[in-house]
Amino acid sequence: MADYPQILIKENLTREERKCICNQIMTTESHMEQLILKHFTDDDFRHVWDRKIGGGVIGGKACGLLVARKLIELMMADYAAYVEPHDSFFIGTDVFYRYLVLNRCSELKARHRLEKDDFKETDELTNRLQNGRLPDDILKELGEMLDHYGSTPIIVRSSSIMEDGYGNAFSGKYESVFCMNQGTKEDRLEELECAVRRVYASVMNEQAIEYRRKRHLLDVDEQMALLIQPVAGQAYGDFYLPVAAGMGCSYNPYKWMEQLNPEAGMLRMVMGLGTRAVERTPGDYPRLICLDRAQANLRTTMAERHKFSQRQVDVLDFTAGQLCTKPLEQIIELLPKWQGKMVLSHDTEAEDMLAQRHIYRKVYFADCQGLVDNLDFIHMMRDLMKMLEIAYERPVDVEFAITSPEEGIWRLNLLQCRPLQAALSEQVHIPEGVDHQLLFDVRRTSMRRSKEETMDYIVWVDPQKYYEYPYAKKPDVARLISRINQHFEDTDKKLMLLVPGRIGTSSPELGVPVVYSEISQFNAICEVAYDKAGYHPDLSYGSHMFQDMVEADVYYGAINDNSKTRLYQPGLLARCPEILKELWPQEEELADIVKLYDVSGSRATLTLDSKEGRAVCRIRGAAGCND
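Please read all numbers here as calculations on a predicted model, not as lab measurements.

Trainee: Describe the domain arrangement of the protein, naming the residues involved and giving the relevant values.
Mentor: Domain parsing of the protein yields domain 1 (4–230), domain 2 (234–419) and domain 3 (435–619). The C-alpha centroid of domain 3 is placed 37 Å from the C-alpha centroid of domain 1.

Trainee: I'd like a rundown of the packing of helix H9 (residues 136–149) against helix H10 (residues 185–201), residues and numbers included.
Mentor: Two elements in contact, H9 and H10, have axes separated by 10 Å at closest approach and are oriented at 115 degrees. The element H9 and its partner H10 pack so that their crossing is right-handed. Residues Leu139, Leu142, Gly143, Met145, Leu146 and Asp147 of H9 lie in contact with H10, whose contacting residues are Lys185, Arg188, Leu189, Leu192 and Glu193. Its residues assigned to classes, the contact of H9 with H10 comprises six nonpolar, one polar and four charged.

Trainee: Lay out the sheet that holds strand E16 (residues 411–419) with the relevant residues and their values.
Mentor: Pairing within the open sheet is antiparallel, and its five strands lie in the order E10-E9-E8-E15-E16. What marks the edges here is a single partner per strand, and that holds for strand E10 (287–290) and E16. Averaged over all adjacent pairs, the angle separating strand axes in this sheet is 20 degrees, with direction ignored. Pairing of strand E15 (residues 396–403) with E16 involves eight bridges; the strand directions are antiparallel. The residue bridging glutamate 399 from the neighbouring strand is glutamine 416, located in E16.

Trainee: Go over the nonpolar core with me, naming the residues and quoting the values.
Mentor: Counting 70 residues, the largest nonpolar core has Met26, Phe45, Val343, Phe377 and Leu388 as the members making the most contacts within it. For this core, the element with the highest residue contribution is helix H18 (residues 375–392), accounting for nine residues. In this structure, this core is formed jointly by two domains, domain 1 (4–230) and domain 2 (234–419), each of which donates at least three residues. Tyr516, Ile519, Tyr556 and Trp584 belong to the second largest nonpolar core, which has 40 residues in total.

Trainee: Any chance you could break down the pairing of strand E8 (residues 244–249) for me, citing the residues and the numbers?
Mentor: Here E8 lies mainly inside the structure; six of its six residues are buried. Every second residue of E8 is oriented toward a common face, with Ala244, Gly246 and Gly248 on one face and Ala245, Met247 and Cys249 on the other, all of them buried. Relative to strand E9 (residues 266–271), E8 is paired through six bridges, and the arrangement is antiparallel. Looking at E9, one finds that alanine 244 is bridged to methionine 271. Both E8 and E15 contribute to a ladder of six bridges, which runs antiparallel. Pairing of glycine 246 across the sheet is with phenylalanine 400, part of E15.

Trainee: Could you give an account of the environment of glutamate 518, with specific residues and numbers?
Mentor: Mapped onto the fold, glutamate 518 is located in the loop between strand E22 (511–512) and strand E23 (522–528). With 37 residues separating them along the chain, glutamate 518 and isoleucine 481 place their C-alpha atoms 7.0 Å apart. Sequence-distant contacts of glutamate 518, that is, excluding residues within four places in its chain, are made with Arg479, Ile481, Ser482, Asn485 and Pro513. A polar atom in the side chain of glutamate 518 sits 2.8 Å from the side chain of arginine 479.

About the cut-offs
Residues numbered from 1 in each chain as written. Predicted model: local features only at pLDDT ≥ 70, side-chain atom pairs only at ≥ 80, totals over all residues. Heavy atoms only, no water. Domains from an automatic or database assignment. Axes fitted to C-alpha atoms, helices over the stretch in contact; angles between N-to-C directions. Helix = DSSP H or I, 4+ residues; strand = E, 2+ residues; numbered from the N terminus. Left-handed = near helix turned anticlockwise from the far one by under 90°. Contact = heavy atoms within 4.5 Å. Nonpolar A, V, L, I, M, F, W, Y, C, P; charged D, E, K, R; others polar. Pairing = 2+ DSSP bridges. Core = buried A, V, L, I, M, F, W, Y, C linked by side-chain atoms within 4.5 Å. Buried < 20%, exposed > 50% of the residue type's maximum accessible area, 1.4 Å probe, protein only. Polar contact = N/O pair within 3.5 Å; in protein donor to acceptor, adjacent residues only side chain to side chain.

What follows is the structure, encoded as structure tokens:
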């Protein structure tokens, strides 16, 4: 959007000049730099410059998106017709610096970095970030960008220099803000400026700070660029949404059938905006697709498929002027038939039951079955992620949306691509004949690699007492777990967490409502079934919390009451010292619900065998334990 620098005016750049411009406008991170220099042309750099607002680099998320799209263009020409063209803009990191200086945030931010957690001016810094003003020249360029997009809704996304890189993913740590982009030019620009402020302010949110603390990045100066994209989709009356959206991993850590090949990858898809695919959504179930056996389904009967399907759809609501969640039934009637066939299934069994009561109506549920049945789509996603994995030299995850402007035509809009942390498997041996020492033995569970770890402490939440605890006070259990987490944060102790139902849910009746920053010290996290109270594990594969666990090499599994669980003996824990009251004597009430067992003297181990998809926790019994 500005004149080219002298270096880009040259007809043919040398490798050193291309490296210089890459570092000036895109990245200095060595792995990403190598990919860019290997595949980008001189014109590609000029196109980035044309879409960049302000100085500095465009950040990790923007680089990942551009590199992935370039690799698809070069390596997957046969699929080119299915991919929506790139139409993003970038706000450089220098704009964030200018924003800090203009709104007197620089000194406060520097003090925060030095004082880390003990920072009294946090609220003041957050307030200044949320209520600052952008430089006038930047507002002028943003106005020109809005002229380009017209009335199409847009999304402002974080793209810090540390984000989506080879070392750190920052999955879901910073805000992404939808802009309806309707009304007068002044209204649209004001909405956009507000969105930019919100993303800038999110550098101070608890999840982001905890993530940086965990990875020893508090002293690293965070440089925030922004990625601005049109929202994939189309208008349906007062609503705007894509037909479907989701995320994909080139490696599938969830081997829920013996025949599945983890190397084939997986998808997690929903109808509508992809916000429901990357967050935990109580009562809703995204479609999980293993790309080597796409037709395989965890739910075998029509009733199960309907029960474990999507009931709410995230949309942009023009009337409300914001992101909203709507009942599926309200959206179904808006879709053209060909789009309905892509994401809806027909429950004929439910219709027959209604007909017996003289109620005659069609019954649909959302499970993205039409896309699952589309071999072109399934093969493309598998080939695409495998190609990116090879190019990145490690597994990747992507975010995408699917649109269908006409019958028989569908388009993929690639929204994000990032490399995942890769760790080597160890040689492990799970002994036989020691059932009396096994806390649990489960199969077909989630893990990326084989390994064995010694456990020092196990936190167990009593499912019956948690169920009986008053609903309004259940979040207190989550806060106590957070205090345990914080207590061990500066130690090298290994911790395991066993909770009833779902971890990280926003609905306490379904499980324990923690966020990842409150359980970031745990090396193993298990969701435990408890039928008496209706607690059922539902591992949130593909969600931001799941990506955090993958990145931190945390074991995330389920202890079910079915054939996947060969053995579960929580009574073994009572043989070991329970120390919660020693640490927090004032928590007498919660101490009946949350138990903190010291298993450090029992030679407790967690062994993961990724080949068999088997996880075993063994408590041998030794000093300190009553065996």
